[in-house]
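# Structural features, examined
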Amino acid sequence: MPATPLPQLPELAGLCSYEEASRTALSLDDCVVWLKRMHYVWKRLHQIFTSHITAEPNYELKMAFSLHAHLCAEHAQSIRTRVSEMREPPLGLDVVPHAGLQRACDEVLCAPSTVERIHGLYAVLLPLLNESLTQYLAKTNRLADAPSVRLLRFAQLELADMLAFGEQTVVALDSANTVQGRWVSLLHNSVANAGGISGREPVTPDEQLPQYSAQPFEYDRVPKRDARFQDSFNAGVNPEAFLYDPEFSPRDKTLMMFYKRLREIDVPEMMASILVEMPQKPWGFKRDMTRQLWDEARHAMLGEVGFRQAGIDWTQIPISFIWSYNLNTQLTAQERHAVLFFIEQGLMPKTGKRYEWEVGKASGNPLAALFQDFDWADEVLHAQIGREWYVKDFGDLNGAMAYGDKCWSKVLSHWREYIENGLTEHRNWWPDIYQQACRNWGVEPDPRALAYHETYETIRADLKSISGSA
Ligand SMILES: [Fe+2]
Ligand SMILES: [Fe+2]
């Protein structure tokens, strides 16, 4: 017996209505042009976020810029993949679609203050991009162009999150009332000159004069932190020496692991400098490195949450920026990448990330175990990213490792200088924090742990000794 059709089932696999599947407004070529213009904006947003991670002092913004840079890179990537499926070689993904779009992005990149940058990003560029996605979805044939529709719908989910973050930030900074209306009009007019992001609205003569982008963008590679971060040159406590000492309990070691995680805020600060100062690198490099950059920002927030759970106010702890500060100011971008790879590769053997996870499990704190579990997985990915983008360029693994080791030692020999220059006293912050945690846990401090006072003066994080003249 022939199967009977069920008229009550959704048509077209539930993808869209017959009406939406009958649209003819956008040809394939029209779609490619529009997608490429959205790609340009995603790519520029990625660049703007990345360029301001290092010198943005506000912790929440530094973390959000790290996430949003990653999201922009991922959405730029999905459009690249889609365009490559649309009969379009050569892809021309590096072409600037219109000087107006370029100017709007350049202006936000060069905006001289956080308030203006935030306004330009979250009150102008991202909303315009979101509008453009909405218009595309309303115009394209949802059956014929289903693969584009799919990726743009995903993009809108994350755009909505970014815009929600932005809305709250714009209100907190009161940017709508403080940012010059003339400059905001310049941004809008520049995009309008380009016929909108889509290029399908009337293109008007390009008569806007650049304001902030009249001078080329200058990247500030010196990391900045807000007032919650104090004594940033403090290297008075060596958490690794504690962590690997069998004398101490896993429970006490979780505090040192949370500290190490939170201190990772310096990795995005440093990695952003590699991305900004190596603009010639291929897109795949930028995308992968930005994923890693975001992971490291996430690791810092894992540390923050760990302290919160232990009832510790982390702002009492000096979260040093020596690593990002020294790498950014004393090494070339390639040397920085070498150091990063050397350190991450060193995390892979048994004493590294697996060990931290085992400590977490043995500590009886399920959150510490879970954080280290995911942190370990992320670091395996980062070692792969390093092999792909650093070792391959360098040539051989052993040489790449030795070079990273040498570059790292080069920046580690200033411990005394910081005291002499009045930058820090390398205060031992550990006993206070440890006692607070013990009080919260309702346990007596272990006297040996309480007396811990190993610093970074002569021992570096991988427990190798530091030679003063290196
Ligand atoms: Fe990390
Ligand atoms: Fe990492």
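Above this text is the structure in question.
Residues numbered from 1 in each chain as written. Chains lettered and ligands numbered in written order. Predicted model: local features only at pLDDT ≥ 70, side-chain atom pairs only at ≥ 80, totals over all residues. Heavy atoms only, no water.

### Some remarks on the overall build of the protein
Of the regular secondary structure elements, the protein holds 19 helices and zero strands. In terms of overall size, the protein behaves like a compact globule, its C-alpha atoms giving a radius of gyration of 25 Å where 470 residues would be expected to give roughly 23 Å. Taking the principal axes of its C-alpha atoms as reference, the protein extends roughly 75 × 70 × 50 Å. Counting over 470 residues, the protein shows a buried share of 53%. Contacts spanning at least 24 positions in sequence make up 81% of the contacts within the protein whose residues lie at least 6 apart. When the accessible surface of the protein is summed, it comes to about 20,800 Å², and 55% of that surface belongs to carbon and sulfur atoms. Of the charged side chains in the protein, 47 are positive and 61 negative; the average position of the first set lies 3 Å away from that of the second. (Helix = DSSP H or I, 4+ residues; strand = E, 2+ residues; numbered from the N terminus. Rg over C-alpha atoms; globule rule 2.2 N^0.38 Å. Buried < 20%, exposed > 50% of the residue type's maximum accessible area, 1.4 Å probe, protein only. Contact = heavy atoms within 4.5 Å. Areas by Shrake-Rupley, 256 points an atom, 1.4 Å probe, with all protein chains shown as cover. Lys, Arg positive; Asp, Glu negative; His and termini not counted. Charge placed at Lys NZ, Arg CZ, Asp CG, Glu CD.)

### Some points on the packing of aromatic side chains
Following the criterion strictly, the structure yields 27 aromatic pairs and no others. Centre to centre, the rings of Phe 321 and Tyr 325 are 5.2 Å apart; their planes meet at 20°, and the pair counts as stacked. Among the residues examined, Phe 321 registers a relative accessible area of 9% and is labelled buried. Classification of Tyr 325 as partly exposed rests on a relative accessible area of 26%. Over the aromatic face of Phe 285 sits the side chain of Lys 281, whose NZ or CZ is 5.1 Å from the ring centroid. (Phe/Tyr/Trp six-rings, centres within 6.5 Å; stacked < 30°, edge-to-face > 60°. Lys NZ or Arg CZ within 6 Å of the ring centre and 35° of its normal.)

### Quick word on the coordination of the iron ion (ligand 1)
In this structure, Glu 264 (OE), Glu 296 (OE), His 299 (ND1) and Glu 379 (OE) serve as the protein donors to the iron ion (ligand 1), at separations of 1.9 to 2.2 Å. For the iron ion (ligand 1), the four donor atoms in the first shell make angles of 84 to 159° at the metal, a pattern classed as irregular. The iron ion (ligand 2) is placed at 3.5 Å from the iron ion (ligand 1), the two being bridged by Glu 296. Residue Glu 264 is found in the loop between α9 (250-263) and α10 (266-277), and its partner His 299 is found in helix α11 (residues 283-309); the two are separated by 35 residues along the sequence. Accessibility classification places Glu 264 together with His 299 in one group, the buried group. (Donors = N, O, S within 2.8 Å, 3.2 Å for Na, K, Ca; no water. Tetrahedral: all angles 85-135°; square planar, octahedral: opposite > 155°, others 65-115°.)

### Notes on the nonpolar core
Core analysis: the biggest nonpolar cluster contains 82 residues, and Met 38, Trp 42, Leu 45, Phe 49 and Leu 129 have the highest contact counts within it. Of all hydrophobic cores here, the second largest spans 33 residues; its members include Trp 294, Trp 430, Tyr 434 and Tyr 452. (Core = buried A, V, L, I, M, F, W, Y, C linked by side-chain atoms within 4.5 Å.)

### Structural notes on helix α15 (residues 366-394)
Spanning 29 residues, α15 covers 40 Å between terminal C-alpha atoms, matching the ideal 42 Å at 1.5 Å per step. Along α15, the helix axis deviates most sharply at Arg 387, where the bend reaches about 35°. The N-cap of α15, judged by a side-chain oxygen 2.9 Å from the amide nitrogen of Leu 367 a few residues on, is Asn 365. Backbone geometry just after α15 places Gly 395 at a positive phi near 120°. (Expected span 1.5 Å × (residues − 1). Bend = angle between axes of the 7 residues up to and from the residue. Polar contact = N/O pair within 3.5 Å; in protein donor to acceptor, adjacent residues only side chain to side chain.)

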